Amino acid sequence: MRLRWLGVAGWELSFDGHRLLIDPYLTRQPYTDAAGKADMTRKLRVNHRIIDWVLREHLTSAPEFILLTHGHWDHLADVPHLLDHPAWRDREINILGTETHLHLLTAMGVPGTGRPHRLVAVSGEEVLRHPLQSSERPTRPDFTIEVVRSLHSQLGGYGFDPYGTLTAPPARPRSLGDLVEGGTLGYQVTVGDRLSVMFLSGSANFAARAVTGATPDVLVLGASGHAAVHDYFERAVDTLGRPPVIVPSHHDDLVTALDDPTLHDTVNRRVVDRLQQVIGADGRVLDPRHLEPVEL
């Protein structure tokens, strides 16, 4: 099993010929004004050059699933362009997200005329198997995906922006602020009796009661914007049974290009040290490098 960081909160999990993507955002556009404050009026951009390069050199096969943690631009904005890429557009890809996430994708043209992609609404507590159960005889799945309810980080004090939910597709999103959170999810992918990987990777917060009792082998944990979240790292690690492997997520600068040689210098490695202090001798914390696969 291999885990590959795509930057921000994006991940690829691959094993036995299967591939799943979580929050694949590759464009990494600027999102602040001249004073360094987040500017949600900025127009959405797509870096087609980087998308072409990553799909050619790193994500060389289409995924079976794309798992969305929430609707903000640095998680969802590239998904329509990935699904319409010549390398993927004719492949059947299942996209999991809340009702809001799927309304946003619909407004952005997904699945697209004649495309075989499938939008799947989830809200938490679903346990999905792949492949589907045979009607002829019971079979064990190659893997399962458990959807868990989660929470968004608290940024700049209490709360976050842009927030909101949708009950129908809006006008086509044009700015960063048009992509609202729409509920936050986590996912646990379990491969038989071999390994379970919990992705609480999209934000630095979690719903403790929703994941109590889960004991993943690997925890991919969001690490940005938790100043208002009490004992975030400690509670997450303890609630999930002190996982033997922890991988920080969402701890780079969001904007430096994936092919920039200085990219790895933008990673907040203090997060790695802090998580290692929290887990102590009970486990190890990985220090992922962008686009480089890690064996689990």
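A. Fine view of the overall build of the protein. In terms of regular secondary structure, the protein is built from 7 helices and 14 strands. Computed over its C-alpha atoms, the radius of gyration of the protein comes to 18 Å, within 12% of the 19 Å expected for a compact globule of 296 residues. For the protein, the spread of C-alpha atoms along the principal axes amounts to about 60 × 50 × 40 Å. Split into buried and exposed, the 296 residues of the protein put 50% on the buried side. Considering only residue pairs separated by 6 or more positions, the protein has 70% of its internal contacts joining residues 24 or more positions apart. About 13,100 Å² of surface is accessible on the protein, with carbon and sulfur atoms providing 48% of the total.

B. Layout of the pairing of strand 12 (residues 245-249). Extensive coverage of strand 12 is indicated by the burial of 5 of its 5 residues. Along strand 12, one buried face is formed by Val245, Val247 and Ser249 and the opposite face, lined by Ile246 and Pro248, is buried too. At this point the chain moves from strand 11 (residues 218-222), through helix 6 (residues 232-239), to the parallel strand 12, and the crossover so formed is right-handed. Here strand 12 pairs with strand 13 (residues 284-285) via 2 bridges, running parallel. Bridged to valine 245 within strand 13 is arginine 284.

C. Representation of the sheet that holds strand 6 (residues 118-121) within the structure. Spatially, 6-5-4-3-2-1-14 is the arrangement adopted by the 7 strands of the open sheet, whose pairing is mixed. Strands with a single pairing partner mark the edges of an open sheet, and in this sheet they are strand 6 and strand 14 (294-295). In this structure, strand 1 (residues 2-7) lies alongside strand 14, joined through 2 bridges in antiparallel fashion. Bridging from a neighbouring strand, leucine 3 pairs with valine 294 of strand 14.

About the thresholds
- Residues numbered from 1 in each chain as written.
- Predicted model: local features only at pLDDT ≥ 70, side-chain atom pairs only at ≥ 80, totals over all residues.
- Heavy atoms only, no water.
- Helix = DSSP H or I, 4+ residues; strand = E, 2+ residues; numbered from the N terminus.
- Rg over C-alpha atoms; globule rule 2.2 N^0.38 Å.
- Buried < 20%, exposed > 50% of the residue type's maximum accessible area, 1.4 Å probe, protein only.
- Contact = heavy atoms within 4.5 Å.
- Areas by Shrake-Rupley, 256 points an atom, 1.4 Å probe, with all protein chains shown as cover.
- Right-handed = clockwise from strand over helix to strand, strands pointing away.
- Pairing = 2+ DSSP bridges.

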